[in-house]
Amino acid sequence: MSFTSRGIHHVTAIASNPQRNLDFYSGVLGLRLVKRTVNFDDPTTYHFYYGDDTGSPGSLITFFAWPDARRGRQGAGQVAVTSFAILPSSVGFWIQRLLRFGVQFEQPVTRFDNERVIAFKDNDGFLGELVAHPSVESRTGWEGIVPAEHAIRGLYSATLWLESCEITGKVLTEDMGFQPVREQASIFRYAASEPGAGSIVDLRCVPGLWQGVPGAGINHHIAFRASDNEEQVIARTAFVKRGLNVTPPIDRHYFHSIYFREPGGVLFEVATDPPGFGIDEPAEALGSALMLPEWLEPRRFEIEALLPNIRVPFEFHGPNA
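Residues numbered from 1 in each chain as written. Predicted model: local features only at pLDDT ≥ 70, side-chain atom pairs only at ≥ 80, totals over all residues. Heavy atoms only, no water.

So, the pattern of salt bridges
Next up, step 1: Following the criterion strictly, the structure yields 17 salt bridges and no others.
Next up, step 2: With a closest N to O distance of 3.3 Å, Arg20 and Asp124 form a salt bridge. You can see Arg20 sitting in helix H1 (residues 18-28) and its partner Asp124 sitting in the loop between strand E8 (115-121) and strand E9 (127-132), a full 104 residues away along the chain.
Next up, step 3: The salt bridge involving Lys35 is made with Glu281; its shortest N-O contact spans 2.7 Å. Of this pair, Lys35 sits in strand E2 (residues 32-39) while Glu281 sits in the loop between strand E17 (267-272) and helix H5 (300-306), and the two are 246 residues apart along the sequence. Here Lys35 and Glu281 have matching classes, each one buried.
Next up, step 4: Salt bridges linked by common partners bring Arg111, Glu115, Glu129, Arg189 and Asp202 together as one network. (Salt bridge = Lys/Arg side-chain N within 4 Å of Asp/Glu carboxyl O. Helix = DSSP H or I, 4+ residues; strand = E, 2+ residues; numbered from the N terminus. Buried < 20%, exposed > 50% of the residue type's maximum accessible area, 1.4 Å probe, protein only.)

Examining the environment of Asp124
Next up, step 1: Judged by its relative accessible area of 6%, Asp124 falls in the buried class.
Next up, step 2: Taking the C-alpha atoms as reference points, Asp124 and Gly264, separated by 140 residues in sequence, lie 24 Å from one another.
Next up, step 3: Once residues lying within four places of it in the same chain are set aside, the contact partners of Asp124 are Ile14, Ala15, Ser16, Arg20, Arg71, Ala216 and Gly217. (Contact = heavy atoms within 4.5 Å.)

Here we look at the layout of surface pockets
Next up, step 1: A volume near 410 Å³ is recorded for the largest pocket.
Next up, step 2: Contributing to the lining of the largest pocket are 19 residues, with Val81, Glu106, Ala119, Gly128 and Glu129 lying nearest its centre.
Next up, step 3: Listed by contribution, the elements that provide at least two residues to the lining of the largest pocket are strand E6 (104-105), strand E7 (109-111), E8, E9, strand E10 (155-162) and strand E13 (200-205).
Next up, step 4: Looking at the lining of the largest pocket residue by residue, the class counts come to 9 nonpolar, 4 polar and 6 charged. (1 Å grid on protein atoms, 1.4 Å probe; cavity = no way out; pocket = protein on both sides within 12 Å on 5 of 7 lines; lining within 4 Å. Points joined across faces, edges and corners; volume = space filled by probe spheres on them. Nonpolar A, V, L, I, M, F, W, Y, C, P; charged D, E, K, R; others polar.)

Here we look at the packing of aromatic side chains
Next up, step 1: All told, the structure shown has 22 aromatic pairs when counted by the stated rule.
Next up, step 2: When the centroid spacing of 6.3 Å and the interplanar angle of 70° are considered together, the rings of Tyr49 and Tyr254 count as edge-to-face. Highlighted residues: Tyr49 in strand E3 (residues 42-51) and Tyr254 in the loop between strand E15 (250-251) and strand E16 (256-261), separated in sequence by 205 residues. For the residue pair Tyr49 and Tyr254, the accessibility class agrees, reading buried in each case. (Phe/Tyr/Trp six-rings, centres within 6.5 Å; stacked < 30°, edge-to-face > 60°.)

Overview of the side chain of Arg32
Next up, step 1: Tracing the chain through its elements places Arg32 in strand E2.
Next up, step 2: In this structure, Arg32 is buried with no salt-bridge partner, the nearest side chain bearing the opposite charge being Asp53 at 6.1 Å.
Next up, step 3: In terms of polar contacts, Arg32 uses its side chain to reach the backbone carbonyl oxygen of Ala283, at 2.9 Å.
Next up, step 4: Only 3.4 Å separates the side chain of Arg32 from the backbone oxygen of Glu284, close enough to count as a polar contact.
Next up, step 5: In contact with Arg32, other than residues within four places in its own chain, are Tyr49, Tyr50, Gly51, Asp52, Asp53, Trp142, Ala283, Glu284, Ala285 and Leu286. (Lys, Arg positive; Asp, Glu negative; His and termini not counted. Polar contact = N/O pair within 3.5 Å; in protein donor to acceptor, adjacent residues only side chain to side chain.)

What to know about empty space enclosed by the protein
Next up, step 1: What the rule picks out here adds up to 2 cavities of 30 Å³ or more.
Next up, step 2: There is about 50 Å³ of room inside the largest cavity.
Next up, step 3: Contributing to the lining of the largest cavity are Gly30, Leu31, Gly51, Asp52, Ser59, Gly141, Trp142, Ala151, Ile152 and Gly154.
Next up, step 4: Of the residues that constitute the lining of the largest cavity, the class distribution is 4 nonpolar, 5 polar and 1 charged.
Next up, step 5: The computed volume of the second largest cavity comes to approximately 30 Å³.
Next up, step 6: The wall of the second largest cavity is formed by Arg20, Asn21, Phe24, Tyr25, Asp122, Asn123 and Asp124.
Next up, step 7: Considering only residue class, the lining of the second largest cavity consists of 2 nonpolar, 2 polar and 3 charged.

Things to note about the confidence of the model for the protein
Next up, step 1: A residue-level look at the protein finds 98% of positions with pLDDT of 70 or above and a mean pLDDT of 95.
Next up, step 2: Across residues 316-321 the pLDDT falls below 50, and counting only partners more than four positions away or on other chains, this stretch makes 15 contacts in the model. (pLDDT = per-residue confidence, 0-100.)

Focus: the environment of Arg182
Next up, step 1: For Arg182, the location among the structural elements is in strand E11 (residues 179-184).
Next up, step 2: Taking relative accessible area as the criterion, Arg182 reaches 37% and is therefore assigned partly exposed.
Next up, step 3: Sequence separation of Arg182 and Met291 is 109 residues, and the distance between their C-alpha atoms is 42 Å.

Have a look at this one:
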């Protein structure tokens, strides 16, 4: 049996200020905070998950919020750009919204003939895009701060910057079931077998570019979907056969994960779709309280004392409102 991923499960990046991160991704972009928890490997710091109404795979961007983290640098060996899907009819709305909140962005450009792309940066320098494409009209967004008709429709794609794209492309196609679909200049596009949120991965060849430096504003890793634990085992077997150094499965409470660095240096994760974010909160209460896995619950008092105070924006007015 072979592993065929349905696309991106989530992308995880690093932030320097938890409140500022909440204000941007929940308040400005209008994503739902679906889980407020901690970094299980560093439980004195927050781990925020943003996505659609239920935090479905393919809608998720997550952040390790490390206060006062030094600014990183985009470069080779990284997921450099994370793209969010919007409706073509929402381009004007988003230009006005980014202007209103003083977000650094570029005017829309056309890519691959029918994508309208608005590139932006958050307060840490994280590189994001809003991509308008007719294919996302069948998706729904979360009706929160942003009206439903203009809400983000999950992830659109992720762009990896690589010294050389060939071997990474083989991992995607031969071990993960992606298909090469387009090529434009130095960008090679791959798509998962099923269309939908997070189904596109772009490899951008940047020979001679400096190596990326981890830090605030930089993606930490990209996670791909496995339907269950059994499929994850199949995936791990394929990666090991390729000679990659793959971790055993790790319990992340909301999914199980394996990790490895692909040949271009990007940290890949394969995460299971279940059990999901409803395991410890009802759907209507997602993100409303600090949730800890049972093995950290005995340390709750200590953890809460060390975490900075935060507020989740329910209506965000921003500096230029």
